[in-house]
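# Reading the structure
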Amino acid sequence: MPDPYILVLFVIGALVALVAWLPLVIRRAPLSLPIVCIVLGAGLFSLPQVGLNPLPQAYPSVTERLTEFVVIIALMGAGLKIDRIFNLKRWQVTWRLLGITMMLSIAAIALLGFTLLGLGLAGAILLAGSLAPTDPVLAADIQVGAPQEGREDEVRFGLTSEAGLNDGLAFPFVNLAIALALAASGQTTDWLTQWLAVSVLWKVLAGLGAGWILGWLFGRLTFSLPVSSRLAGTRDGFIVLAATFLSYAVAEMLHSYGFLAVFIAALAFRHADRDHRFHVEMHDFIEQIERMGMMVVLVLFGGALVSGLLASLRPMDVAAALLIVLVVRPLTGLLGLVGWRRPLREKLILAFFGIRGVGSFYYLAHGLNAAPFEGGDRLWAIVGLICLLSILLHGVTVTPVMRWFDRSQGRDPDAEEEGEDASRGAEPSRPGA
């Protein structure tokens, strides 16, 4: 056997090569990169030479921080993608998915958790807050294209903007579950007032403000200074990492929602000079980091599955998981889009593709690390099963469904892919050209 360090390098190199190569091979097939990563992880951690069981319960802090990192990277990438200028009317689909669909999803999942699964009020709300948001990491295949690419139909825009902003509504409910769990253990008393004033009002408003100010500041530094000193002249993708980390850190230091701040910062950053080529370069850089992070999380998820993550499941948990994936999101999605004057096919796609994944892992890890909840292993098993079902179901269907949708819109997905390959292979223009 080779030295373990050399073996680790070999495995990492092979996985990175696969992550770079597989999207080219499977982009027209009914298969997704997340599915491949889970299968690779399951196979890798089934080897007797690998003595690690990557269960999230065994590494709670690592799980929270790793998933947190991947989510904020994905949120910055999602914000940079959006070409549409912020406008209350033009973002109508976003408000419907957030204000109606997501609220109904939280209520329905909490009700299932409390009545059908017997989780208790705090546990049921934590489950609902963790599973309600559409994941910004795993929804990449149904999001808008790269900046200035032009692929921004209502379906892709709706799912991208929903994934970016839903943290501002999901996190208050995760914090509500934490407050209830702390109150039940006698660690807090005036939980309702504090939750309303801090978790709902302050954290949302401060997150929005911090994100906008940091995004505006980076926009000025990157595009508005004299040519000799503006950051766009460096053509260095690390600038987008700086914007991501600083907006998140400042928001967290203000005790607000860092996820929300990162997405708003990305929108403000993009607004500073919407047509500049540097946005494409920053997006491509952050997307590569996002794919690497996603690969690591999903390989570990595959390892957790073969290490017993789902061992605590009960038959009723499986039934509830199927209901959440197959009924709750599609039904609440359609209810949220009642009265929206768009073709039925668009409403069905928006309602169906509420993908659950890395964001749900983060919310659950954060909640369990912040307060004592009963049945932590069972909560991980339920969330793990729902995310697995979502990744498999949506991963298999997303390519044929979106290719059918593009053709129904008069677009040729094969021609668009060939044009994208040609543009990616061309020499990039100078900044500001």
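Calculation rules
- Residues numbered from 1 in each chain as written.
- Predicted model: local features only at pLDDT ≥ 70, side-chain atom pairs only at ≥ 80, totals over all residues.
- Heavy atoms only, no water.
- Helix = DSSP H or I, 4+ residues; strand = E, 2+ residues; numbered from the N terminus.
- Rg over C-alpha atoms; globule rule 2.2 N^0.38 Å.
- Buried < 20%, exposed > 50% of the residue type's maximum accessible area, 1.4 Å probe, protein only.
- Contact = heavy atoms within 4.5 Å.
- Areas by Shrake-Rupley, 256 points an atom, 1.4 Å probe, with all protein chains shown as cover.
- Axes fitted to C-alpha atoms, helices over the stretch in contact; angles between N-to-C directions.
- Parallel < 35°, antiparallel > 145°, perpendicular 65-115°, else oblique.
- Left-handed = near helix turned anticlockwise from the far one by under 90°.
- Nonpolar A, V, L, I, M, F, W, Y, C, P; charged D, E, K, R; others polar.
- Phe/Tyr/Trp six-rings, centres within 6.5 Å; stacked < 30°, edge-to-face > 60°.
- Lys NZ or Arg CZ within 6 Å of the ring centre and 35° of its normal.
- Salt bridge = Lys/Arg side-chain N within 4 Å of Asp/Glu carboxyl O.
- Expected span 1.5 Å × (residues − 1).

### Regarding the overall build of the chain
Assigned secondary structure in the chain consists of 16 helices and 0 strands. Scaling as 2.2 N^0.38, a compact globule of 433 residues should have a C-alpha radius of gyration of about 22 Å, and the chain matches this with 21 Å. Viewed in the frame of its principal axes, the chain has a C-alpha envelope of about 60 × 60 × 45 Å. A burial count over the chain gives 52% of its 433 residues as buried. Partitioning the intrachain contacts of the chain with sequence separation of at least 6 by distance along the chain shows that 82% fall at a separation of at least 24. For the chain, the accessible surface area stands at approximately 18,500 Å², while carbon and sulfur atoms represent 66% of it.

### Considerations on the packing of helix α7 (residues 167–184) against helix α8 (residues 191–224)
Two numbers describe how α7 lies on α8: the axes approach to 10 Å, and their chain directions differ by 155°. Taken as axis vectors, α7 and α8 run roughly antiparallel relative to one another. At the point where α7 passes α8, the crossing takes the right-handed sense. On α8, the residues that touch Gly168, Pro172, Asn175, Leu176, Ala179, Leu180 and Ala183 of α7 are Trp191, Trp195, Ser199, Val200, Lys203 and Val204. Counted by class, the contact of α7 with α8 contains 9 nonpolar, 3 polar and 1 charged residues.

### Considering the packing of aromatic side chains
In the structure shown here, the tally under the stated rule is 19 aromatic pairs. Ring centres of Phe171 and Tyr363 lie 5.2 Å apart, and the angle between their planes is 85°; on these two criteria the pair is classed as edge-to-face. Pair noted here: Phe171 is in helix α7 and Tyr363 is in helix α14 (residues 358–370), with a separation of 192 residues, a long-range link. Here Phe171 and Tyr363 have matching classes, each one buried. In textbook terms, an aromatic cluster arises when at least three aromatic residues are bridged by ring pairs, as seen for Phe171, Tyr248, Tyr257, Phe259, Tyr362 and Tyr363. The cationic tip of Arg84 hangs over the ring face of Phe157; the distance from NZ or CZ to the ring centre is 3.9 Å.

### Things to note about the pattern of salt bridges
Per the counting criterion, the structure on display carries 8 salt bridges. Between Asp153 and Arg156 there is a salt bridge, and its shortest N-O distance comes to 2.7 Å. Grouping residues by exposure puts Asp153 and Arg156 together as buried. Residues joined by salt bridges that share partners form a network here, namely Asp153, Arg156 and Asp406.

### Focus on the packing of helix α3 (residues 60–81) against helix α10 (residues 258–272)
Two elements in contact, α3 and α10, have axes separated by 7 Å at closest approach and are oriented at 30°. By the angle between their axes, α3 is roughly parallel relative to α10. The two elements α3 and α10 cross, and the hand of that crossing is right-handed. Residues Glu68, Val71, Ile72, Leu75, Met76, Ala78, Gly79, Leu80 and Lys81 of α3 form the contact with α10, whose participating residues are Phe259, Val262, Phe263, Ala266, Leu267 and Arg270. The residue makeup of the contact of α3 with α10, split by class, is 11 nonpolar, 1 polar and 3 charged.

### Considerations on α3
If you check α3, its first and last C-alpha atoms are 32 Å apart, about what 22 residues at 1.5 Å a residue would give, namely 32 Å. Across the 22 residues of α3, 16 count as buried, placing the element largely inside the fold.

### Remarks on the environment of Val137
On the secondary structure map, Val137 appears in the loop between α5 (121–131) and α6 (154–165). According to the relative accessible area criterion, Val137 is buried, its value standing at 1%. Distance from Val137 to Ala163, taken between C-alpha atoms, is 8.7 Å for residues 26 residues apart in sequence. When neighbours within four sequence positions are excluded, Val137 is seen to be in contact with Val70, Val71, Ala74, Glu290, Met294 and Val358.

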